[in-house]
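# A look at the structure
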Amino acid sequence: FGQEKEVSKLLAIIGGVGFILTLLSGSAWYITLVLTICACGTTMTLYLSTWVLSKDDGTDAMRKVSDPIREGAEGFLRVQYTTIGKV
């Protein structure tokens, strides 16, 4: 719960700075707005990926089901990327 507060503070700071820069940027305000939105999106993506990867893999029964699914998905993606790479 403490990390969520830190992320929300960081997003508020990025948003505030972006808003001020948008007001000061004159005719290129849209570029500043887009960069601010990108910075907020990147911050949120880093937070969510860290949160998801910190979770437990599950019980042995769950891993017994998920491992073959993961292997099949990796094989499928390998074939797809190889095919796309040849094009």
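Source: prediction; values computed, not measured. (Residues numbered from 1 in each chain as written. Predicted model: local features only at pLDDT ≥ 70, side-chain atom pairs only at ≥ 80, totals over all residues. Heavy atoms only, no water.)

Attention now moves to the overall build of the protein. Scanning the protein for helices and strands turns up three helices and zero strands. Helices and strands in the protein line up, N terminus first, as α-α-α. Here the protein has a C-alpha radius of gyration of 20 Å; the compact-globule value for 87 residues is 12 Å, and the former is much larger. Its C-alpha atoms give the protein principal-axis dimensions of roughly 55 × 45 × 10 Å. Counting the 87 residues in the protein, one finds 11% classified as buried. Accessible surface for the protein amounts to roughly 7,200 Å². Of this, 70% is attributable to carbon and sulfur atoms. Of the charged side chains in the protein, 8 are positive and 8 negative, and the gap between their average positions amounts to 4 Å. (Helix = DSSP H or I, 4+ residues; strand = E, 2+ residues; numbered from the N terminus. Rg over C-alpha atoms; globule rule 2.2 N^0.38 Å. Buried < 20%, exposed > 50% of the residue type's maximum accessible area, 1.4 Å probe, protein only. Areas by Shrake-Rupley, 256 points an atom, 1.4 Å probe, with all protein chains shown as cover. Lys, Arg positive; Asp, Glu negative; His and termini not counted. Charge placed at Lys NZ, Arg CZ, Asp CG, Glu CD.)

Turning next to a nonpolar patch on the surface. Among the surface-exposed residues, Trp 29, Tyr 30, Ile 31, Leu 33, Leu 35 and Ile 37 lie close enough to one another that they form a single nonpolar patch of about 620 Å² accessible area. Its location among the elements puts Trp 29 in helix α2 (residues 29-53). (Patch = residues over 30% accessible without salt bridge, like charges linked within 9 Å, V, L, I, M, F, W, Y side chains within 5 Å. Salt bridge = Lys/Arg side-chain N within 4 Å of Asp/Glu carboxyl O.)

We now examine the confidence of the model for the protein. In this model, the protein carries a mean pLDDT of 89, and residues with pLDDT of at least 70 account for 98%. Taken element by element, the protein is modelled with least confidence in helix α1 (residues 2-24), mean pLDDT 85, and with most confidence in helix α3 (residues 60-86), mean pLDDT 95. (pLDDT = per-residue confidence, 0-100.)

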